[in-house]
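# Inside the fold
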Amino acid sequence: MDGLEGMDEIVQEFLVESHENLDQLDRDLVALEAEPGSRDLLSSIFRTIHTIKGTSGFLAFSKLESLTHVGENLLSRLRDGELPMTAATTDALLRMVDDVRSLLSRIEQDGTEGAVDVSGAVALVEACLNGSAVTAAPAEPAPVAEPVAEEAPKPAAKRRTRKPAAPRAPKAAAAPAEPVTAPAPTVVAPPVAPTSVEAEHHPEPGTENPARRTAADSTIRVDVDQLDLLMRLVGELVLTRNQLIQRASAEHDMDLLRMTQRLNLVTSELQEGVMKTRMQPIDHVWSKLPRVVRDLSSMLGKQISLEMHGKETELDRTLLEAIKDPLTHIVRNSVDHGIETPEARRAAGKPETGLLRLRAFHEGGRVVVEILDDGAGIDPAKIGAKAVERGIITSAQLAAMPEREVLMLIFKAGFSTAEKVTNVSGRGVGMDVVRTNIEKIGGTVDLSSVPGQGSTFRLTIPLTLAIVPALTVECAGERYAVPQISLLEVVSVDASRGTTAIEQVSGAPVYRLRGRLLPLVDLADVLGLEGKRRDGLLNIAVLQSEGRTFGLILDRVLNSEEIVVKPLSSRLKGIGVYSGATILGDGSVALILDIQALAAGALSSEGAKRAAAVEQHTAAVVEAEKLLVAQVAGGRRVAIPLDMVTRLEEFPTDKVQHVGSREVVEYRNEILPLVRLSQHLGSFDDGTGERLPMIVSSRGGRSVALVVDRIIDIVEEGVHARSDVDDIGLLGSALIQQQVVELLDVRQAILAADPHFPLDPILPGDPAAAYDPAAAAAEAFSLEGISL
Amino acid sequence: MTQLATFTLADHLFGVEVSRVQEVLRYQPSTKVHLAPAAIGGMMNLRGQVVTSVDLRRRLELPGAAEGSEPMNVVVRVDGEVVSLLVDAIGDVVTVSDELFETPPETLSARERALITGAYKLENRLLLALDIDRAVDVG
């Protein structure tokens, strides 16, 4: 058993498979005796031996390969009727099988072929092939090998008697009688435990098993339907558990709570376990790609080397099935459009052989599959021009689009950049189908490209579809589930602002989210619901689909829970707003919203015009930036662009420690350097409160905290700044909500706390850019005559 | 001879083949499916299975049921899927002779005639044989 642990996984798999094959082989061989000429049986045996041969060659088990090689020759001739099936050939075949088995046992023991001698079996089979054995056949089946040796096929027979002796030298005497008479079960025994032959010899069938169980019996094959059924049942269990937990937490019964906790744990583990049984390595899908790439590249006259990393990465079998076509399409596309011809590559100073690299790995509970090529890359300018030409977007929209989004245009319907339509791509099935199929299973597609250096497609796929995390929401008294995968955040606007927070741009409702205009979709409108709950409080689920972000207006956000996805009845598939149904904790049914469809329906049906209006407007208003206003010593108010704010925290004053001249606090196992804004801005009032409110800014893994006296508000408006301040650490002042607020030079403040904080460099002649990250944020501070 | 599970809708007595019926249930709370065809009653939780129901009154264009009345469910199998038929009340299983069978009577509405295969003339009333497949095909 120990030998197994260190054994290479491939060898392990090979052994399992081969043992199964051998069992089949034994049955076939026995059946063959009853039906000597059966082509079917011979073909089946041939295939089995062929499989073993192929793999053994690959794994460099040379004895196994040479033995199966001759066996395969003999079988192919038998199958094709070139040689008659005689007792001698049967013997030779059985002998071969026995030796194969010995070799496999040996390999299983220590990973090598050891001292197993196969020359006897090889010679026997060769004799059959040469026809010499055929004539001697009638004499062959004699149980004792010695007399046979005197006849014509002398070398063959002799060697045959010698062979079994080799692996178990201690007791050679017992060997000669075995091989011919009782083929299958007996000969396997010797390699198992050569040391205790005495004991082993009699209970042979028994000793055979322990050795084999290590590989062949440690896995079983299970009907996929059975697994699906198990998954369904686990789904029910998860639901029941959810219901029980809900009920138990209302009961205040400690014992019941404890029990449900246990049930909760066990269910989670069971769920995980059952999900694992449905997992298959991505290699199942990848294994076809080398052939695809080879055929395609030779057809196109390209040289491509295909690398695959992370073949063993596992995901649910239904998902594997679903990504097969999109993946193949992307690979074909990369071969066809990505990688250049050898001439073009030489001209570009690249190696003639192009590289196509597939990488699969787990990341944050999801599977990422990357398809990278070192080809010509994708030129955003070309994509943009084509998209405008095809009428997918307007040139105004294009001008306002970041480069990344321009690239993503290739996933739009009706887009194909192939300059000539080849029979490879450009058959009308485009990247839009790839994206649709990936998003259908809750995945995302991303694309990055450097012209001249290649492109990378990145598919992010959930591990499983059956049970997904979701947010339950309420709209007009009905509950719906929103898959977490599409959810970016939930924004709640309180009653005082709720009624005014929604603005109209060309008749389309929008909400300003951190300076960007978020197109809104009202779920109640989409569903045609009456009697909306509108007490001013506004809940917006910020969702993402097809690279676009939009807000869904809801009445209430209820809960975050794992839901079991149930397919919709065929009677409801046409509606297009729901992607499935689920049963909630209280046993009622809730529909799962199809975010993709909602986005498509609500954002595009009213035409590109409206979207364009929204986007253009976005460009116009971005300078209305959100600012965080805080109070520092002396009642002074300072404003900080919200973009620079990662979190707001509060620490007890006594948590502050000194490192050299700096002040720090320990936070999430990190040292967080502080800067007291009051001091930074020239006040000496220390802020003697017991707790220190802080504005934390993080970037590139570093964080700093700006200590203030009080956080006042977040305001969002075009700032009319004035240049009358020429003070340390400030950029100017502004009138915000009838109050004078000083605009903090955040850059300087942050650097005072951590000189190595990764800020973007100041662009010469553009004081505003000093801010970053968003140039938009800086625009708010774009002041005239301010000296930094 | 044919065995039919019977139920009433408005004042009509309907029957469906017993072999197609999985079970009959009292009123079950269900979730409305907005934007669905009008004849879709909703979706309900049948022992962990989500089952869509078809409101037969609406499907047959019969007047709506009285306020507050709770429909019962005749759960039938259609193409490997389970669908519930919402009916007023559930009746007995009756065995009818094929000799009593006649084509749909003219007195029925066009919609009703389209969804029934015919009528069995029982002693005191007509038993309308519902065509399940067409009835649930609300497309």
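Residues numbered from 1 in each chain as written. Chains lettered and ligands numbered in written order. Predicted model: local features only at pLDDT ≥ 70, side-chain atom pairs only at ≥ 80, totals over all residues. Heavy atoms only, no water.

Here the focus is the packing of aromatic side chains. All names here are of chain A. Tallied over the full model, the rule gives 4 aromatic pairs over all chains. Between Tyr 480 and Tyr 578, the ring centres sit 6.5 Å apart and the planes meet at 0°, which makes this aromatic pair stacked. Of this pair, Tyr 480 sits in strand β9 (residues 478-483) while Tyr 578 is found in strand β17 (residues 578-583), placing the two residues 98 residues apart along the sequence. Comparing Tyr 480 with Tyr 578 shows no difference in burial state: the two are buried. (Phe/Tyr/Trp six-rings, centres within 6.5 Å; stacked < 30°, edge-to-face > 60°. Helix = DSSP H or I, 4+ residues; strand = E, 2+ residues; numbered from the N terminus. Buried < 20%, exposed > 50% of the residue type's maximum accessible area, 1.4 Å probe, protein only.)

Before going further, it helps to spend a moment on a nonpolar patch on the surface. On the surface, A:Leu229, A:Leu230 and A:Leu233 cluster together to form a nonpolar patch covering roughly 240 Å² of accessible area. Secondary-structure assignment places A:Leu229 in helix α14 (residues 224-251). (Patch = residues over 30% accessible without salt bridge, like charges linked within 9 Å, V, L, I, M, F, W, Y side chains within 5 Å. Areas by Shrake-Rupley, 256 points an atom, 1.4 Å probe, with all protein chains shown as cover. Salt bridge = Lys/Arg side-chain N within 4 Å of Asp/Glu carboxyl O.)

Here the focus is the interface of chain B and chain A. Listed per partner, the contact involves 20 residues of chain B and 20 residues of chain A. Carbon and sulfur atoms supply 63% of the area buried between chain B and chain A, which totals about 1700 Å² over both sides. The largest share of the area that chain B buries against chain A comes from B:His34, B:Leu35 and B:Val50, three residues that together contribute 33% of it. Linking chain B with chain A are 1 salt bridge. Notably, a salt bridge pairs B:Glu81 with A:Arg571, separated by 3.4 Å at the nearest N-O pair. Remark: the boundary between chain B and chain A carries 6 residue pairs in polar contact (both at pLDDT 80 or more). For the side of chain B that touches chain A, the elements supplying multiple residues, two or more each, are β4 (40-46), β5 (49-55) and β7 (81-87) of chain B. For the side of chain B that touches chain A, the residue count by class is 11 nonpolar, 6 polar and 3 charged. (Contact = heavy atoms within 4.5 Å. Buried area = accessible area lost by both parts, 1.4 Å probe. Polar contact = N/O pair within 3.5 Å; in protein donor to acceptor, adjacent residues only side chain to side chain. Nonpolar A, V, L, I, M, F, W, Y, C, P; charged D, E, K, R; others polar.)

Under the defined criterion, the tally for this structure stands at 29 salt bridges over all chains. Here A:Glu370 and A:Arg359 are joined by a salt bridge, their closest N and O atoms 3.2 Å apart. Here the residue A:Glu370 occupies a position in strand β5 (residues 366-373), and A:Arg359 occupies one in strand β4 (residues 354-363), the gap between them amounting to 11 residues. A salt bridge links B:Arg111 to B:Glu61; its shortest N-O distance comes to 3.1 Å.

Residue and element names in this part refer to chain A. Taken in spatial order, the 5 strands make up an open sheet running β2-β4-β5-β7-β6, and their pairing is mixed. Among the strands making up the open sheet, the edge pair consists of β2 (304-309) and β6 (444-450). Taking the axes of each pair of neighbouring strands and ignoring which way they run, one obtains an average angle of 15° across the sheet. Direction of pairing for β2 relative to β4: parallel, over a ladder of 6 bridges. Bridging from a neighbouring strand, Ser 305 pairs with Leu 355 of β4. Each of β2, β4, β5 and β7 (454-462) is contacted by helix α18 (residues 317-338), which is oriented at about 175° to β7, the strand it contacts most. (Pairing = 2+ DSSP bridges. Axes fitted to C-alpha atoms, helices over the stretch in contact; angles between N-to-C directions.)

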